[in-house]
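A closer look at the structure
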Amino acid sequence: MTEPTFRDELQASLGTAFTIQRELGGGGMSRVFLARDESLGRDIVIKVLPRELAAEMSTERFTREIKLAAALQHPHVLPVLSAGTASRLPYYTMPFVRGESLRAAMDKGSMSAEDKVEALRDVARALRYAHGEGVVHRDIKPENILLSGGSAVVVDFGIAKALSASRTEAPGGTLTLVGTSIGTPAYMSPEQAAADPKIDHRADIYAWGVVAYELLAGRHPFEGKTTPQQYLAAHLSEAPPSIRRTAPQISGAIGDVIMRALEKDPNKRPQSADEILSRLGGTSSGSGSVMAVKRSMWRWEIIAAAAVALIAAGVAIWQSRGRAEPRSQIMLAVLPFENQGPAEQDYFVDGLTDAVNGKLAGLSGVSVIDRRSTLPYKKTTKPVKQIGSELGVQYVLAGVVRWAKGTSGWRAQVMPTLVNTSDATMKWAGEPVVVSSDDPFSAQTEIATKVADALQLALGADERRDLAARPTQNTEAYDAYQRGKAIFESVLQTAFSVRDVDQAISNLKRAVSLDPKFADAWVYLSTAYGNRAFEVAGDTASVRLRNDAANRAWELDPKNPLGVLVRSGVLFLEGNRAEGIKIVGDALESGIVHPELLATHAWDVFEAGKPDSATELMARAIKLNPRYLDARLNATGLAMRQKKWAEAERHSRAAIGIDPTDERAWADLAQQARNRGDTAQIRQVLEESLQYITDPSNLLRVHMVYAGREMGMRFVRMTPEQLRIETLRDSIRTYYDNKADFFLREGNVANARIYHDSIITKLEKRNISGPGELGLRVYLAVAYAATGRIAEGRAEIARAREAGRRWKQFREDGVTPAVDRRLEASVLGYAGEHEAAMKELRGLVSESSWTPRGLYHEPKLLVLRGNPAFEAFAREN
């Protein structure tokens, strides 16, 4: 009987969750296998530690440390998916990347100079992120850098820490096994070579320098060394030859930063990956992919969502009054103040941060980063210089709040600090500011005023009056407002709960009942009602109450930027589009500066035929909201609408850099590729996204149909349960129509008809009503036309147009939204009315992000293939 191999033992231990396909190789640190994750239907890599290393480890500690490493999520960091033990050996899993290692590419000599520098940038971006999370790699080398789809990703982040922690904890752990020291001698920093226990992130900077030297010069900086001992001695005592001499073609800036990275003394190296990126011209963070909550030309959708998306992030009420934005201003970020008291006072501390943010935002000479971009820095351990770089600010204001309870109620002390991000020096540290339950406002004014004085801002009388202004004179109303706002924001950051939204509404109603002139509370009450109406079908009462609260907020304070937005949204929903646009434009014209106003007006300006001005407005919005993902998505939509593909991808990848687990930016990238007709790029985006998103929703999955046969078949095999179909609209659009599209692409008309017939059966005799009526009727029209029922398809198009008028989903000229023009062209194509279909498609290209080539590849429009006009159209740029 044949002895079972290690692979056999490993497979038996893993059970049916993973199917091992083959061994990929490995080294002293692990054996590496390619396997199939059966639960998710994708390839992964399993790395198994050798027995001699496992013998000196605490496997429990190793698994626990690996789980911490799994928290790293970044486009240039290959994530750890899971960890465990098999055959009593520790293992961990990672996504399988189709590509090659940097070592393999170097050996082949296949990289251009530009590709090499871009790969070095990607590695530096990975280091910047990981170091900001407190993780040092300790084994950066070409073998741990993978190249795929034009990007570089670094593998095994956090593994060194897991090995070190688990081996030092294990009974008898010696850390002396030959070949298993943490790090690779050819790329070890001098402090690693000297076995210094105080290794920090600058060891990775050194290793990056070795890799960069070898990649760009074509030789290791200590060429000629062969043994580990020779390499270690060279790192400790030898100076590498100048890269300017060995590779004179390299620019001075790049050569200088590489040689600085190779300094023996860590203090003489670049102190962060940001410094490297600034010299390489790659200061932007992130990289990534597809299409989501697009800010299309249908501006009423943006404003209607303001009740959900805008306030969901807990935006401060900016108190700007009649000022323009100077060309050159101090950039400031107010970080979330730290509550060192009871958790039940979190709402108060967050409200204090908001209030100080809002007061400072109203001052001339300073631009304050929107709170949605600073929220991720709550309780951050990132260095202040890194925060400054990520937010693009010169100063950050932080604060610590401590509490004491007296006989007359609670008292808090706020200790604010203003720090210069360029050198991490203290600009101002104020004396503790006292806040009491009967006066929550004076501290806000005092802190903001002292910050303004420290920044040497010249404040006019109006601005000093605004700093001292109170949103309400009623402290009970203010407390109720703060509680309601905190509950509402918490709901929108987690799962929707009617009970919690109602609790938020109850507190906000109490606030306006105690002070009917409390404009800020009316704004939040409007947004809370709007959210309830959006989530709870048939809640017409909340729609009316939302409108009433928005109108009341506007009457009380027409200069409140969020009040402007919710009032504009109501005007749009009531069909008064022109007035809704006007009040936003008037607010900006009066000098109110707010990122959502800027972004909303950017779309207005674009629709008015001024694309350059629209881009400028959106850039200003991004500057005020650099780390807020939705701002990047909004900018992506505008760039796509102008078919500025490089800019659209830049914004999408910046969004992915902020949060690679958010599907919307990946969906934007896929949609960009689909609109251009690039099937290969769609597939690449989807594969890349699955490194970060283990259970994608239909936002991403629907693009599988357009990414080729193999991926399309994966979608077609999914059941409604797997696709999480919950609504009639999802059932029609995602399940039936998308699967029909797949079979049309494959030329299988009979199978496509099965799904078209299902659409007809589900919708034909159904009473369709509501805002989604237009879309459902057009899908029904396509199904009729595709199955030969042309007259019924044309009649359904007419009903869809009527629904659009009834639900105000048309422009003033009566043209349907862009997505429905594509479907209408399909119906006309099946009817043989090709000239009319071409008119719709040309209109679609002129008013959307679709290109002729993208439309040529759309399954619904295959019926137009062979028509000379359509063939010529596909060749247009």
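Calculation criteria
Residues numbered from 1 in each chain as written. Predicted model: local features only at pLDDT ≥ 70, side-chain atom pairs only at ≥ 80, totals over all residues. Heavy atoms only, no water. Helix = DSSP H or I, 4+ residues; strand = E, 2+ residues; numbered from the N terminus. Buried < 20%, exposed > 50% of the residue type's maximum accessible area, 1.4 Å probe, protein only. Expected span 1.5 Å × (residues − 1). Contact = heavy atoms within 4.5 Å. Axes fitted to C-alpha atoms, helices over the stretch in contact; angles between N-to-C directions. Parallel < 35°, antiparallel > 145°, perpendicular 65-115°, else oblique. Left-handed = near helix turned anticlockwise from the far one by under 90°. Nonpolar A, V, L, I, M, F, W, Y, C, P; charged D, E, K, R; others polar. Pairing = 2+ DSSP bridges. pLDDT = per-residue confidence, 0-100. Phe/Tyr/Trp six-rings, centres within 6.5 Å; stacked < 30°, edge-to-face > 60°. Lys NZ or Arg CZ within 6 Å of the ring centre and 35° of its normal. Core = buried A, V, L, I, M, F, W, Y, C linked by side-chain atoms within 4.5 Å. Salt bridge = Lys/Arg side-chain N within 4 Å of Asp/Glu carboxyl O.

Regarding the overall build of the protein
In terms of regular secondary structure, the protein is built from 41 helices and 15 strands. By the burial criterion, 57% of the 877 residues in the protein qualify as buried.

Topic: helix 29 (residues 645-658)
For helix 29, built from 14 residues, the straight-helix expectation of 20 Å at 1.5 Å per residue is met to within 8% by its first-to-last C-alpha distance of 20 Å. Within the span of helix 29, buried status applies to Trp645, Ala648, His651, Ser652, Arg653, Ala654, Ala655, Ile656 and Gly657. Of the surrounding elements, those touching the buried residues of helix 29 are helix 28 (629-641), helix 30 (663-676) and helix 31 (679-689).

Observations concerning the packing of helix 22 (residues 519-535) against helix 23 (residues 540-556)
Axis separation between helix 22 and helix 23 bottoms out at 8 Å; the angle between their running directions is 160°. As the angle between them shows, helix 22 and helix 23 are arranged roughly antiparallel. Note that helix 22 runs across helix 23; the crossing there is left-handed. Contact residues: helix 22 offers Ala519, Trp522, Val523, Leu525, Ser526, Tyr529, Gly530, Arg532 and Ala533, while helix 23 offers Ser542, Val543, Leu545, Arg546, Ala549, Ala550, Arg552, Ala553 and Leu556. Of the residues that constitute the contact of helix 22 with helix 23, the class distribution is 12 nonpolar, three polar and three charged.

Observations concerning the pairing of strand 8 (residues 151-154)
Successive side chains on a regular strand alternate, one facing one side of the sheet and the next facing the other. Burial of the side chains of strand 8 extends over both faces: Ser151 and Val153 are buried on one face and Ala152 and Val154 on the other. Where strand 7 (residues 145-148) and strand 8 come together, four bridges link them in antiparallel fashion. Looking across to strand 8, one finds that serine 148 is bridged to serine 151.

Some words on the confidence of the model for the protein
Model confidence for the protein is summarised by a mean pLDDT of 80, while 83% of its residues fall at 70 or above. Here helix 13 (residues 299-304) is the element of the protein with the lowest mean pLDDT, 39, and helix 40 (residues 852-856) is the one with the highest, 95. In this model residues 168-181 is a low-confidence stretch, pLDDT under 50, and it forms 23 contacts with partners more than four residues away in sequence or in other chains. This model gives residues 282-327 a pLDDT under 50, and the stretch forms 192 contacts once residues within four places in sequence are excluded.

Some thoughts on the packing of aromatic side chains
Scanning the model with the defined rule gives 14 aromatic pairs in all. For the pair tyrosine 481 and phenylalanine 518, a centre-to-centre distance of 5.0 Å together with 55° between the ring planes defines the contact as tilted. Residue tyrosine 481 is located in helix 20 (residues 475-493), and its partner phenylalanine 518 is located in the loop between helix 21 (498-514) and helix 22; the two are separated by 37 residues in the primary sequence. Each member of the pair, tyrosine 481 together with phenylalanine 518, is buried. Consider the rings of phenylalanine 742 and phenylalanine 743, whose centres lie 5.2 Å apart with planes at 75°: the pair is edge-to-face. By relative accessible area, which is 1% here, phenylalanine 742 ends up buried. Overall, the relative accessible area of 10% leaves phenylalanine 743 in the buried class. Its end group placed over the ring of tyrosine 706, arginine 674 keeps NZ or CZ at 3.7 Å from the ring centre. For arginine 865, the ring lying beneath its charged end belongs to tyrosine 856, and the centroid distance is 3.8 Å.

With respect to the nonpolar core
Within the largest apolar cluster, 53 residues are counted, with the highest numbers of intra-cluster contacts made by Trp666, Ile682, Leu686, Ile732 and Leu763. In terms of residues, this core owes the most to one element, helix 36 (residues 773-786), which gives 10 residues. For isoleucine 732, the contacting residues outside a window of four places in its chain are Asp737, Ile759, Lys762, Leu763, Leu776 and Tyr779.

As for unusual backbone geometry
The phi dihedral of arginine 138 falls on the positive side, at around 75°, and the residue is not glycine. Assessed through its relative accessible area of 24%, arginine 138 is described here as partly exposed. At lysine 643, a residue that is not glycine, the phi angle is positive and equals roughly 60°.

Thoughts on the sheet that holds strand 6 (residues 100-101)
Strand order in this open sheet of three strands is 6-7-8, and the pairing throughout is antiparallel. Among the strands making up the open sheet, the edge pair consists of strand 6 and strand 8. Where strand 6 lies against strand 7, two bridges are found, and the strand directions are antiparallel. Counterpart to serine 101 in the pairing with strand 7 is leucine 146. Contacts from helix 5 (residues 113-132) reach strand 7 and strand 8, with the element oriented near 35° to strand 8.

Considerations on the side chain of glutamine 482
Among the secondary structure elements, glutamine 482 is positioned in helix 20. A relative accessible area of 3% places glutamine 482 in the buried class.

Some thoughts on the packing of helix 30 against helix 31
Between two packed helices, what matters for the description is the angle formed by their axes and the separation of those axes. The N-to-C vectors of helix 30 and helix 31 enclose an angle of 170°; their axes lie 8 Å apart at closest approach. Classified by the interaxial angle, the pair formed by helix 30 and helix 31 is roughly antiparallel. Residues Trp666, Leu669, Ala670, Ala673, Arg674 and Arg676 of helix 30 touch helix 31, and the partners they reach there are Gln681, Ile682, Val685, Glu688 and Ser689. Residue composition of the contact of helix 30 with helix 31, grouped by class: six nonpolar, two polar and three charged.

So, helix 23
The end-to-end C-alpha distance of helix 23 is 25 Å, a good match for the 24 Å that 17 residues give at a rise of 1.5 Å each. Looking at the buried side of helix 23, the elements it contacts are helix 22 and helix 24 (561-573).

Focus on the pattern of salt bridges
Counted by the stated rule, this structure contains 46 salt bridges. Between glutamate 191 and arginine 269 there is a salt bridge, and its shortest N-O distance comes to 2.8 Å. With a gap of 78 residues between them, glutamate 191 in helix 7 (residues 190-193) and arginine 269 in the loop between helix 11 (252-261) and helix 12 (273-280) connect regions that are remote in the sequence. Each of the two residues, glutamate 191 as well as arginine 269, counts as buried. One salt bridge in this structure joins glutamate 876 and arginine 842, with 3.3 Å as the shortest N-O distance. Residue glutamate 876 is located in the segment after helix 41 (868-874), and its partner arginine 842 is located in helix 39 (residues 834-847); the two are separated by 34 residues in the primary sequence.

Let's talk about the environment of leucine 728
Here leucine 728 lies in helix 34 (residues 728-745). In this structure, the C-alpha to C-alpha distance between leucine 728 and leucine 763, residues 35 residues apart in sequence, is 9.2 Å.

Considerations on the environment of threonine 16
Mapped onto the elements, threonine 16 comes out in the loop between helix 1 (6-14) and strand 1 (18-26). Along the sequence, threonine 16 and aspartate 37 sit 21 residues apart, while their C-alpha atoms lie 9.0 Å from each other.

As for the environment of arginine 724
Position of arginine 724 relative to the elements: it lies in the loop between helix 33 (709-716) and helix 34. Take arginine 724: its relative accessible area is 36%, and that puts it in the partly exposed class. Arginine 724 sits 27 residues away from serine 697 along the chain, and the two C-alpha atoms are 7.9 Å apart.

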